[in-house]
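# Descriptive analysis of the structure
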Amino acid sequence: MLLLPLLYSTLLLLVPVSASPDLLPSPAYNTSLLWGPYRPNVRFGIRPRVPQSLFMGIMWYNFDVGHKSRGIELPQPTDRQYGSHITDLRHTCENDSIQASGYGWTAYDPRVGGTQLIPDPTNKINITTEFVKISEGQNRGNWGARVKVTPREDAPPGLRTAMVFYVGMEGMENCSTCRLGATEGRTTQRDDHAVRKTVFWTKHPQLGISEIHLLIPKHEFAAVKSLNVTEDVLWQSKGLYVELLKDNAIFKDGQLVLPNELGKGNAHFVQMVFSGPFEAEIIYNSHESTMEMTPLDITTEMEKAVDSFQTRFGYVFPPTSPFDTEAHQEFGQSALSNLFGGLGYFHGDLQVDGVDPIENDERESNFWEKLEEARKQAEPKTLGPYELFAHTPSRMQFPRGFLWDEGFHLLLKLPWDADSALDILQSWLALMDSDGWIAREQTLGPELRHQPPGEHQEQSQAIANPPTLFWVVSQFIDILTGKVEYSGHESKYLEQPDQSDALLRRMYPLLKRHYEWFRRTQSADVEAHSIPRASLSEGYRWRGRTPNGNLASGLDDYPRAEPPDPTELHLDALCWVGVMARILTQIAEYLERDSDIPTYQTHLKAITHNIEVIHWSEQHNQYCDTRVYDDTHDYYCPKGYIALWPLITGFLGPNHPHLNASLNLIRDATILWTDYGVRSLSPDHPAYMTAGNYWRSPIWVNINYMILSSLHRLGTTPGPLKIRCRAIYRELRYNLITNAFRNYQASHSVWEQYDAETGQGQQTQGFAGWSALVVRIMAMPTLEGDDREGVRERFLGA
Ligand code: 6A9
């Protein structure tokens, strides 16, 4: 136990490397994306995309009720537990009254900046945090932040708030040229009051020399405490602060305040006490820029940032009828801002379970029990350290990267800011190991690791996740080839063909490697099924299944045949391989790698064939998972999302004989159709709404987005069911948006999923990951107008 911190410090000596340095160098640091509120796990935390460097944040509490529990024995030093020692000290994103108040970014573009609202009913204040950077001209790279606090209506007069600002530098022990220190700056006048300034001066090999100014007007009290702490506790800002109060603080007016002791150190805490409303500013100026950012710049640049965000929203994602209202724009802007506000930079090591994926490639029944046992026996391994620049599904519950979520996130990022989306894509691809594996859940480093339960920490090198990142490359090529219009930020990749070519050439071998890894490691035993016409090479099974669980597939508890069996063939896994083969063909065509194409086409043909001969059940009139049962090929056929997979991954063309049956599953209100969207499972299934009820009835926005895109495609392609597809498309789009919007009005938030029977948002509030796809859905064409029958069906269906 004692060795762990030591071990970690040793690891810090290494500069994070990408797993595929030969093929894909870490993305070059791009000035306008260098700094940001890239610590989505805290309410407001700033850092650059540089490993082992600076980080900052704020914490706050009610100063008068804050310290009632002084003197309690300190438990294990984890950030969360320490929190209980000061009543309602706010720092990390928790499931608290802030979360329930629908806090979040109202306008935010990581390229420029934005503004976040944090209502805190418990501490009786509302906080606005602004962050803005200047990426052009002589002060490029500099940024400013402003924290504004106003007492809420029910606040007592003279409410006192303690605001804590901290700044730290990682890896100082091992960096001889790194510096961080605090000095008192000159007090200035603003309006009628004195402004206290604290200057933090820093030096770092990648950031150069810079100064961070903290400007504190109108305060009752302020003190700066500088200290040196060991690397293993450095990230535990809240714990360190509480410990400071306990060990170093002095009593003033019956309250605990810090002594003012400034100097050098790798951690600095500023305690500020304010009465009533207040604001404070943090300004970062690099010595390399010749113009200094000032408090006035924050104001003017902030106005510009909000303005440009709203304007850009209007031309990248203009809501179409009937959602072309101001209220829907505001809703969309909030959802998009919060997706962007969940963008984070992470670095650190990754724990894997140490089970040899090949040796444990099970062929017998009860294999999952043996695997479980093997996982227990195996010595966990530490890989990395790695870096990752990624969006997070939810800042509260899961502030870390998730592989298949990111493909959905980037569907919103790509049209907005292609280069930034491609940067994030490269960051993910750089995590690929030499076999072709990418960890599904990126719990990098101790700060992220202290939060989730054990099973979410260790990754297994045998486990896959849907390859949604391939979509991003495909849509990028669609933009490059003029199939899709682009109206986002200026893009070097789109303006310079040599750049985009070079990028695609770097990514292609990695995507191919992942494809080959997926085919090899998730392949399944088609032969055991003895289907005369089946192609033996194209059948897949998600590894890592447990009874009632399939985290790899992304649809964790969606019903699969029980118990898990080595003869299973998973429909969705097969379709995903097909998606990869199709997109690899597209890239190979673009790059003129003609010799690769026949292989992908052979696979694709066999996959398209096997979707029918292995997975279509004539008896059930739907697509199904299958397995060998009593020596015969047996179908497992819940009516639910997985049955739609061939449709939503593009395998059912307009004349396909099974298209109508798939549409029937969607459009039948006794099956998957609801007034709020398409639900994950039909009520006639015994698992409907049972156990965790995660993927067993609720409506998920990402899958509904996939359904809508396929309906849109079929609704704009000639075919016998074109009119039906259009009609369902319109209704579904209408239902989904109307429900998400209604929930937003009630809770100021998008949700992880929506209840199948009431439409109520549920599970995680503030899940602005793939649920933010409502923005893209609002901007999809209406497909209104040229089909009378379709219009009739819509009214009948209501
Ligand atoms: C839970 C909570 C203290 C589950 O959005 C991320 C993933 C998806 O990739 C997956 O498809 N979510 C979906 O089925 C959320 C996973 C959260 C796991 C961690 C820990 C601890 O809170």
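What this report covers is the structure whose coordinates are included nearby. (Residues numbered from 1 in each chain as written. Predicted model: local features only at pLDDT ≥ 70, side-chain atom pairs only at ≥ 80, totals over all residues. Heavy atoms only, no water.)

## Brief notes about the pattern of salt bridges
- Under the defined criterion, the tally for this structure stands at 34 salt bridges.
- Salt-bridge contacts for Glu 130 lead to Arg 146; the nearest nitrogen and oxygen are separated by 3.8 Å. Remark: Arg 146 occurs in strand S7 (residues 143-151) and Glu 130 occurs in strand S6 (residues 125-133); sequence separation between them is 16 residues. For the pair formed by Glu 130 and Arg 146, the shared burial category is buried.
- Here Lys 148 ties to Glu 130 by a salt bridge, and the two come within 3.4 Å at their closest N and O atoms. Note that Lys 148 is positioned in strand S7 and Glu 130 in strand S6, a separation of 18 residues in sequence. (Salt bridge = Lys/Arg side-chain N within 4 Å of Asp/Glu carboxyl O. Helix = DSSP H or I, 4+ residues; strand = E, 2+ residues; numbered from the N terminus. Buried < 20%, exposed > 50% of the residue type's maximum accessible area, 1.4 Å probe, protein only.)

## A word on the site of the ligand
- Around the ligand, the surrounding shell holds 16 residues, and the nearest of these are Gln 397, Trp 404, Asp 405, Gly 554 and Asp 556.
- One of the side-chain N or O atoms of Asp 556 is found 2.8 Å from an oxygen atom in the ligand.
- Trp 695 places a side-chain nitrogen or oxygen 2.9 Å from an oxygen atom of the ligand.
- Against a free-state accessible area of 560 Å², the protein chains account for coverage of 84% of the ligand.
- Classifying every residue of the shell around the ligand gives nine nonpolar, four polar and three charged. (Near = heavy atom within 4 Å. Polar contact = N/O pair within 3.5 Å; in protein donor to acceptor, adjacent residues only side chain to side chain. Areas by Shrake-Rupley, 256 points an atom, 1.4 Å probe, with all protein chains shown as cover. Nonpolar A, V, L, I, M, F, W, Y, C, P; charged D, E, K, R; others polar.)

## Quick word on the nonpolar core
- Of all hydrophobic cores here, the largest spans 198 residues; its most connected members are Met 163, Phe 165, Phe 200, Trp 645 and Ile 703.
- Sorting elements by how many residues they give to this core places helix H16 (residues 571-590) first, with 13 residues.
- Apart from residues no more than four positions distant in its own chain, Phe 200 is found in contact with Phe 165, Val 167, Leu 180, Gly 181, Ala 182, Ser 210, Glu 211, Ile 212, Leu 214, Val 224, His 268 and Val 270.
- One finds Val 42, Phe 63, Phe 221 and Val 229 within the second-largest nonpolar core, a separate group that totals 27 residues. (Core = buried A, V, L, I, M, F, W, Y, C linked by side-chain atoms within 4.5 Å. Contact = heavy atoms within 4.5 Å.)

## Overview of the side chain of Asp 353
- Note that Asp 353 resides in the loop between strand S18 (344-352) and helix H9 (367-377).
- According to the relative accessible area criterion, Asp 353 is buried, its value standing at 1%.
- At 3.0 Å, the side chain of Asp 353 and the side chain of Arg 375 are in polar contact.

## Some details on the sheet that holds strand S13 (residues 221-227)
- The strand order S1-S2-S3-S8-S16-S13 describes an open sheet built from six strands, whose pairing is antiparallel. Two strands in the sheet have a free side with no partner beyond their single neighbour: strand S1 (35-36) and S13.
- By the bridge criterion, nine bridges tie strand S8 (residues 160-169) to strand S16 (residues 267-275) in an arrangement that is antiparallel. Bridge pairing in S16 places Arg 160 opposite Ser 275. (Pairing = 2+ DSSP bridges.)

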